[in-house]
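If you want the building blocks of each chain, they are given just below.
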Amino acid sequence: MELYFKDKFFNSGISDIMNSDGEVVGNMDLKSAFGSSLDVSNHQRQILCSGKFRFFSNKWFISDERNGQMGVLRVRLSFLKKRYEYDAGNRGVYEITSPAFSKEYSIQRSNGEVVASFARTNSWMQTGAFRLQNDSKELDSYELVAVVMGVHEIEKRDSHSDSQNNSV
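Report on the accompanying structure. (Residues numbered from 1 in each chain as written. Predicted model: local features only at pLDDT ≥ 70, side-chain atom pairs only at ≥ 80, totals over all residues. Heavy atoms only, no water.)

**Description of the pairing of strand β7 (residues 69-75)**
With five of its seven residues buried, β7 lies for the most part within the structure. Summarising the sheet, strand β6 (residues 60-64) and β7 pair through four bridges and their orientation is antiparallel. Across the sheet, residue serine 63 finds its bridge partner in β7, namely glutamine 69. With antiparallel pairing between neighbouring strands as the criterion, β6 and β7 make up a hairpin whose turn holds four residues, including asparagine 67 at a positive phi of roughly 70°. As judged from the four bridges shared by β7 and strand β8 (residues 81-87), these two strands associate in the antiparallel manner. Note that in β8 the partner of valine 72 across the bridge is aspartate 87. (Buried < 20%, exposed > 50% of the residue type's maximum accessible area, 1.4 Å probe, protein only. Helix = DSSP H or I, 4+ residues; strand = E, 2+ residues; numbered from the N terminus. Pairing = 2+ DSSP bridges.)

As structure tokens, this is what we get:
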């Protein structure tokens, strides 16, 4: 399944999730301008999953509609590429990688099989816009929307902290 979605300025408000035909198939409710959390819903506005940072944590937690944990996204140290790990519990651990200055990411199982990919499609001065291609049978596309937004939020946090450190 191929999906398109985007962040909003100030991380607040409803943003549509569209399929490759441009039809709205769901939405993201970006909860707050002062924190990072979101709900991902289908086209009937039924919440399917949520993503957020826990207090003083750089891990992005994804939960289902009943607040049960679906998975945890975390940064993995790497020298010349962006690298993340999504632990989906009994469904497996997935590595998310991208070359250092690329906007394209792949999501692969521990055996190296690519099960999904996403790319940032916006230009420099726009909010984050993404294209997700999901071929996984274990990971739901709406769950992967929350994972992609988690990667985006972690990168925004890192960018913000880098700019704070450079201004001191």
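**Some thoughts on the nonpolar core**
Counting residues in each nonpolar core, the largest one holds 36 residues, and the members touching the most others are Phe5, Ile17, Val40, Leu73, Tyr86, Ile96 and Phe118. If you tally residues by element for this core, the top one is helix α1 (residues 141-166), at nine residues. If we ignore the near neighbours within four places in the chain, the residues touching phenylalanine 118 are Ile96, Lys103, Glu104, Tyr105, Ile107, Phe130, Arg131, Leu132, Val148 and Val151. (Core = buried A, V, L, I, M, F, W, Y, C linked by side-chain atoms within 4.5 Å. Contact = heavy atoms within 4.5 Å.)

**Notes on the pairing of strand β4 (residues 37-42)**
A regular strand places its side chains so that they alternate between the two faces of the sheet. Counting buried positions along β4 gives five out of six residues, so the element sits mostly inside the fold. Two elements, strand β3 (residues 24-31) and β4, share five bridges in a ladder whose sense is antiparallel. What sits directly across from asparagine 27, in β4, is serine 41. Where β4 and strand β5 (residues 47-53) come together, five bridges link them in antiparallel fashion. By the bridge assignment, aspartate 39 is partnered in β5 with serine 50.

Keep in mind these values describe shape, not function.
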